[in-house]
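So you can see what is in the structure, the chains are spelled out below.
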Amino acid sequence: MNLLIMGPAGSGKGTMSAKIVEEFGIAHISTGDMFRSAIANGTPVGLEAKTYLDNGNLVPDDVTDRMVKERIMQDDTVNGYLLDGYPRNLHQANAVEEMAREIGKPIDLVINLQVNYDTLVKRITGRRLCKTCGAIYNIHYKPSKVENVCDIDGGELYQRSDDTEEKLAVRFEEYTKQTEPSIEYFREKGLVRDIDASQNAEAVMNEIRNILEAVK
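In what follows, the accompanying structure is described. Nothing here was measured: the structure is a model prediction, and the numbers come from that model. (Residues numbered from 1 in each chain as written. Predicted model: local features only at pLDDT ≥ 70, side-chain atom pairs only at ≥ 80, totals over all residues. Heavy atoms only, no water.)

### Remarks on helix H4 (residues 61-72)
We count it as follows: In this text, helices come from DSSP runs of H or I with a minimum length of four residues, and strands from runs of E with a minimum of two, each type numbered from the N-terminal end. One fewer than the residue count of a helix, multiplied by 1.5 Å, yields its expected span. Working definition: with a 1.4 Å probe on protein chains only, accessible area under 20% of the residue-type maximum means buried, over 50% means exposed, and in between means partly exposed. Note on contacts: a residue pair is in contact if any heavy atoms of the two residues lie within 4.5 Å.
Between its terminal C-alpha atoms H4 stretches 16 Å, which fits the 16 Å expected from twelve residues at 1.5 Å a residue. Residues of H4 that are buried include every one of Val 63, Thr 64, Asp 65, Met 67, Val 68, Arg 71 and Ile 72, and no others. Looking at the buried side of H4, the elements it contacts are strand S2 (27-30), helix H2 (31-40), helix H3 (44-54), strand S3 (81-84) and helix H5 (90-102).

This is the structure we're talking about:
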């Protein structure tokens, strides 16, 4: 089962990806991890990407595309893969569909996590993390028992510098302009399943589970 998971910042892609991978036994491929691994292992495309990053430049689409192809050809994707954070634009959507089909691991489904903007704002700006253990809280939905103190180890809670509405607005606009057209590309092919990701994590996973069980 070969999947893409898509949605704006704060939609829960990371949380749902972890649950899907654990439950269905497929490989989780996040672009961040993929870049770090390819560079650390010194693969040709990884070294090429490193030259751009070292100069403070964005990695071009064609290099990213080749890195994704290299990654989904690895042995751990034999039971399937879940791509998280890619494709980010229409060019990448075309590329991943073509390369996945070419190597015999075509995309079966695109999980589209939908959340309205006001909910995203609350999720992002309300997020707090423990400096000691990394536990995640939210002042609106999952507050700690004592303000700014972790329930688990008493560590201090903090807000990430990029967890602001201003930075969310920039990321959301980019997502709307760049990524949503790629979702529509897959929708026209009948691959997209929309999920109401404004629900709690358990309810969202139940929806995803029912869809994936039917596909499997």
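### So, the sheet that holds S2
As a reminder, the rule being used: We treat two strands as partners when DSSP finds at least two bridges between them. As a rule, the C-alpha atoms of each element are fitted with a line to give its axis, helices using only the stretch in contact, and angles between N-to-C directions run from 0 to 180 degrees.
Overall, parallel pairing links the five strands, which are arranged S2-S3-S1-S4-S8 in an open sheet. Only two strands of the sheet have a single neighbouring strand rather than two, namely S2 and strand S8 (192-196). On average, adjacent strands in this sheet sit at an angle of 20 degrees to one another, irrespective of strand direction. Here four bridges tie strand S1 (residues 2-6) to S3, and the two strands are oriented parallel to one another. The residue bridging Leu 4 from the neighbouring strand is Leu 83, located in S3. Helix H7 (residues 165-187) contacts S1, strand S4 (109-114) and S8 of the sheet and is inclined by roughly 145 degrees relative to S1.

### Here we look at the packing of H3 against H4
Our working rule: Roughly parallel refers to an angle under 35 degrees, roughly antiparallel to one over 145, roughly perpendicular to one between 65 and 115, and oblique to any angle outside these ranges. Each crossing gets its hand from how the near helix is turned against the far one by less than a right angle, where anticlockwise is left-handed and clockwise is right-handed. Note that Gly is not counted as nonpolar here; it falls among the polar residues with everything else outside the nonpolar set of Ala, Val, Leu, Ile, Met, Phe, Trp, Tyr, Cys and Pro and the charged set of Asp, Glu, Lys and Arg.
Two elements in contact, H3 and H4, have axes separated by 9 Å at closest approach and are oriented at 150 degrees. One finds that H3 runs roughly antiparallel with respect to H4. For H3 against H4, the interelement crossing comes out left-handed. Every residue of H4 that contacts H3 at Pro 44, Val 45, Gly 46, Glu 48, Ala 49 and Tyr 52 is listed here: Val 63, Arg 66, Met 67 and Glu 70. Residues that form the contact of H3 with H4 fall into these classes: six nonpolar, one polar and three charged.

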